[in-house]
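The residues making up each chain are set out below.
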Amino acid sequence: MKKNWPLWEVFVRSKNGLEHRHCGSLHAADEDMALENARDVYTRRSEGVSIWVVESAHIKASNPENNGELFEPAQDKVYRHPTFYDLPDEVKHM
Amino acid sequence: MSEAQIKSLEKQFDDRIARDEKIEPKDWMPEKYRKTHIRQMSQHAHSEIVGMLPEGNWITRAPSLRRKVALLAKVQDEAGHGLYLYSATETLGISREEMYEQLHTGKAKYSSIFNYPTVTWADMGAIGWLVDGAAIINQVPLCNTSYGPYARAMIRVCKEESFHQRQGFEIMLKLANGTPEQKEMAQDALNRWWWPSLMMLGPTDDVSTHTEQSMKWKLKRKSNDDLRQQFIDQTVPQAELLGLTIPDKDLKWNESRQSYDFGEIDWDEFWQVVKGHGPMNKVRMKARVDAWEKGAWVRDAAMAHAEKKRNKKQKQAV
Amino acid sequence: MKNKNLYNYILGIADNSLILGQRLGELTGHGPSLETDIACTNISLDLFGQVRSYYQYAAKIAGDDRTEDDIAMLRKEREYFNVLLVEQPNTNFAYTIVRQFLFDVYHYLFLTELQKSHDVTLVAIAKKSIKEVSYHKRFSTDWLKRLGDGTTESKQKTQQAVNDLWTYTEELFYTTQADNAMISEGIAVDVTKFKANYYQNVNAVLTEATLDIPESKFFQKGGKQGIHTEHLGYLLSDLQYMQRTYPNMEW
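What you see is a predicted model, and the numbers here were worked out from it, not measured in a lab.

Our next topic: the interface of chain C and chain B. Opposite the 47 residues of chain C that make contact, chain B presents 47 residues. Across the interface of chain C and chain B, roughly 4,000 Å² is buried in total on both sides, 69% from carbon and sulfur atoms. When the buried surface of chain C facing chain B is broken down by residue, Pro32, Leu34 and Trp251 of chain C rank first, second and third, together holding 19% of it. On the surface where chain C and chain B come into contact, there are three salt bridges. For Lys174 of chain B, the salt bridge goes to Glu250 of chain C, with nearest N and O atoms at 3.4 Å. Our count for the contact surface shared by chain C and chain B stands at 17 residue pairs in polar contact (both at pLDDT 80 or more). For the side of chain C that touches chain B, the secondary structure elements donating two or more residues are helix 1 (4-27), helix 2 (34-62), helix 3 (68-73), helix 5 (93-114), helix 6 (120-148), helix 7 (152-166), helix 10 (231-239) and helix 11 (241-245) of chain C. For the side of chain C that touches chain B, the leading source of residues is helix 2 of chain C, giving twelve residues. Of the residues in the side of chain C that touches chain B, the class split is 20 nonpolar, 14 polar and 13 charged.

In structure tokens form, the structure reads like this:
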């Protein structure tokens, strides 16, 4: 049976202190090749100091159909945000 | 799902796009949206990788080391852009291999401009200046298209592409300011690439299909004729700056329209090339098919090796 | 020219990168996958970058008005000093990878030594280049293992490439008169010193790639004296085409 190179997701840290961010995908036969390909494809213009690759098939993603139950319940929990609390103007830096 | 349910979903979907919300891969989408995007995005990806060939043709013959590295980097970018676009299209449930298959069998199209030959070095200038110029006009609005992965790929592409047109114009400038022989080479390239570049922006609005739907989905923001006018209006002054003549005797400024009027495009030629009978269609496709077929044993070897490595690791773990 | 030996020595180094870069440039758009295509072009770009640094330095030493492009593109066949290995054609991807690997191992060891040169410009170029070459070596080594220890077909093709290109390896350690003069001044690398190390490195990877180490003791040389295989002439006719057809113009 013919097998094609699987798809990988690439995450690049642009400089130390920042998080890795998803920047795209590519094909590779194994994780070493995925890392090398990511370096060659996604850091040609000095975009990164660190790379993560993960085979796309290993990502479990939430289903947008469940967005209601997953994300909407957080919307009315306004007390989690600082602006919920009334303080007099004299109190600065809080 | 009942027809009424689908209609209602479609309505919600269209409303989301109208509100400028992005559609992401796992979101529900009308089958037509998926199909149209697969077609347009893969066509775009194919254009990038077939587009590598006419310019790749001059890499070994570039006239200076500086020009050689710039051209190499540019053609490499096109491979990268093809890769970004294929990956974005894969999120719609089609594999890169299936897309290649469609390209190789002629089922999928790519931009017809790449079916013209690159005869002289000046063609590297003309392609960068005109073809990339026209491409940018087409592409910039796509950075804001409705399908998230496509929009993100286009942002990356546009960012990287900004040097391509400058590189082309610089080549033309050097030729135009060079010896009479060089200037003649530049003029000859402009003569050959001007009309195909205008055709590249697509058939006229009255015969163009899909436009209304594409506008709604933000796959297109302006009509072909508007894009063409924009391209001409911005390019004519650049040609003047180069001291070159655009090969159109009907080209003249229209004061009331604040735009250039231009001559009749030879649409017979356009359709002939689209249908596979341009000067280089067969050569381009053979190059792509050869690269893919001759690379099969290499790709298979890598997969076989990866599996051996995995098995070894598992054995060690036991 | 006051410093003819140094000039020729630099050309000897740079020509390897020029010719190999040119060979890799032929592949752009024709590789087995987009990803490998992009990777090979990166290597080509690294090599051309090195070439420009070397030739710019050589032009300065020549002290006349010659430019990097004159040096790259306006010499005759017998005036190119690259080793025969790098001019061998891209017969198939196995030849491309094996050629790259056999050169990268050498190139890495060479640049390691060049960093100790008494010539500060060469040291600076070596320091910058070695990081690039270190990656090239990783790339070609990994691919050699994939092709050698992949499928039956890939093994056979790769073994063939190893057998065919092996004959060009010993030349890497041949020293010319210019080399020897520069070695005695502490400027050039004495390549003979790392010959054993080279074959040790190469053999270890070949073994890991499940490939046979060729037993042949017959080696070809000549490139360093400007006597090349028939392949070089065609490569040069492409490389020099514009400069020869339109002399004395700027591009």
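Turning our eyes to something else, we now look at the environment of Ile23 of chain B. Residues and elements named next belong to chain B. When you line up the elements, Ile23 lands in the loop between helix 1 (3-18) and helix 2 (31-56). Here Ile23 falls in the buried class, since its relative accessible area comes to 0%. Along the sequence, Ile23 and Leu241 sit 218 residues apart, while their C-alpha atoms lie 43 Å from each other. Each residue touching Ile23, except ones within four places of it in the same chain, is listed here: Phe13, Arg16, Ile17, Met29, Tyr33, Ser146, Tyr147, Gly148 and Pro149.

Residue and element names in this part refer to chain B. Between its first and last C-alpha atoms helix 7 (residues 180-200) spans 30 Å; for 21 residues at 1.5 Å apiece the expected length is 30 Å, and the two agree. A maximum bend of about 35 degrees is found in helix 7 at Trp193, where proline Pro196 lies one to four positions downstream. Where helix 7 ends, the next residue or the one after it, Gly202, has phi of about 95 degrees, a positive value.

Should the pLDDT be low somewhere, the predicted coordinates at that spot are not to be read in detail. For chain B, per-residue confidence averages 95 on the pLDDT scale, and residues scoring 70 or more make up 100% of the total. In the predicted complex, the global pTM is 0.96; the interface-specific ipTM is 0.97.

Residue and element names in this part refer to chain B. Two elements in contact, helix 2 and helix 3 (residues 65-90), have axes separated by 8 Å at closest approach and are oriented at 160 degrees. By the angle between their directions, the pair helix 2 and helix 3 is classed as roughly antiparallel. The two elements helix 2 and helix 3 meet at a crossing, and its hand is left-handed. Counted together, Ile38, Met41, Ser42, His44, Ala45, His46, Glu48, Ile49, Gly51, Met52, Glu55 and Gly56 of helix 2 and Leu71, Lys74, Val75, Glu78, Ala79, His81, Gly82, Leu85, Tyr86, Ala88 and Thr89 of helix 3 form the full contact between these two elements. Considered class by class, the residues forming the contact of helix 2 with helix 3 number eleven nonpolar, eight polar and four charged.

Right, let's talk about the pairing of strand 1 (residues 7-13) of chain A for a bit. Residues and elements named next belong to chain A. Direction of pairing for strand 1 relative to strand 2 (residues 20-27): antiparallel, over a ladder of seven bridges. Each bridged residue has a counterpart across the sheet, and for Trp8 the counterpart in strand 2 is Leu26. Here strand 1 folds back onto strand 2 in antiparallel fashion, the turn holding six residues, of which Gly17 has a positive phi close to 105 degrees. In this sheet, strand 3 (residues 50-55) lies alongside strand 1 in antiparallel orientation, the contact comprising six bridges. Residue pairing for strand 3: Trp8 is matched across the bridge by Glu55.

What follows covers the nonpolar core. Counting 197 residues, the largest nonpolar core has Trp121 of chain B together with Leu18, Phe110, Leu114, Trp143 and Tyr198 of chain C as the members making the most contacts within it. Here this core takes 16 residues from helix 2 of chain C, the largest share from any one element. Ignoring any residue separated from it by four or fewer positions in sequence, one finds Tyr198 of chain C in contact with Leu102, Val105, Tyr106, Leu109, Thr169, Leu172 and Phe173 of chain C.

What follows concerns unusual backbone geometry. Residues and elements named next belong to chain B. Of note, Asp20 is a non-glycine position whose phi angle comes to about 70 degrees, a positive value. By the element assignment, Asp20 lies in the loop between helix 1 and helix 2. For Asp20, a relative accessible area of 44% translates into the label partly exposed. In this structure, Gln258 is a non-glycine residue whose phi angle is positive, near 55 degrees. Mapped onto the elements, Gln258 comes out in the loop between strand 1 (252-254) and strand 2 (259-261). Of the residues examined, Gln258 reaches a relative accessible area of 46% and is grouped as partly exposed.

Right, let's talk about the pattern of salt bridges for a bit. Tallying each qualifying case throughout the model produces 44 salt bridges over all chains. Arg16 of chain B serves as the salt-bridge partner of Asp27 of chain B, at 3.2 Å between the closest nitrogen and oxygen. Of the two residues, Asp27 of chain B sits in the loop between helix 1 and helix 2 while Arg16 of chain B sits in helix 1, which places them eleven residues apart along the sequence. Measuring nitrogen to oxygen at the nearest pair gives 3.0 Å for the salt bridge that ties Lys195 of chain C to Glu170 of chain C. Linking Lys195 of chain C in helix 9 (residues 195-208) with Glu170 of chain C in the loop between helix 7 and helix 8 (177-184), this pair joins segments that are 25 residues apart in sequence. With relative accessibility at 27%, the residue Lys195 of chain C sits in the partly exposed group. On the basis of relative accessible area, Glu170 of chain C is assigned to the partly exposed category, the value being 31%.

Reading guide: rules and limits
Residues numbered from 1 in each chain as written. Chains lettered and ligands numbered in written order. Predicted model: local features only at pLDDT ≥ 70, side-chain atom pairs only at ≥ 80, totals over all residues. Heavy atoms only, no water. Contact = heavy atoms within 4.5 Å. Buried area = accessible area lost by both parts, 1.4 Å probe. Salt bridge = Lys/Arg side-chain N within 4 Å of Asp/Glu carboxyl O. Polar contact = N/O pair within 3.5 Å; in protein donor to acceptor, adjacent residues only side chain to side chain. Helix = DSSP H or I, 4+ residues; strand = E, 2+ residues; numbered from the N terminus. Nonpolar A, V, L, I, M, F, W, Y, C, P; charged D, E, K, R; others polar. Buried < 20%, exposed > 50% of the residue type's maximum accessible area, 1.4 Å probe, protein only. Expected span 1.5 Å × (residues − 1). Bend = angle between axes of the 7 residues up to and from the residue. pLDDT = per-residue confidence, 0-100. Axes fitted to C-alpha atoms, helices over the stretch in contact; angles between N-to-C directions. Parallel < 35°, antiparallel > 145°, perpendicular 65-115°, else oblique. Left-handed = near helix turned anticlockwise from the far one by under 90°. Pairing = 2+ DSSP bridges. Core = buried A, V, L, I, M, F, W, Y, C linked by side-chain atoms within 4.5 Å.

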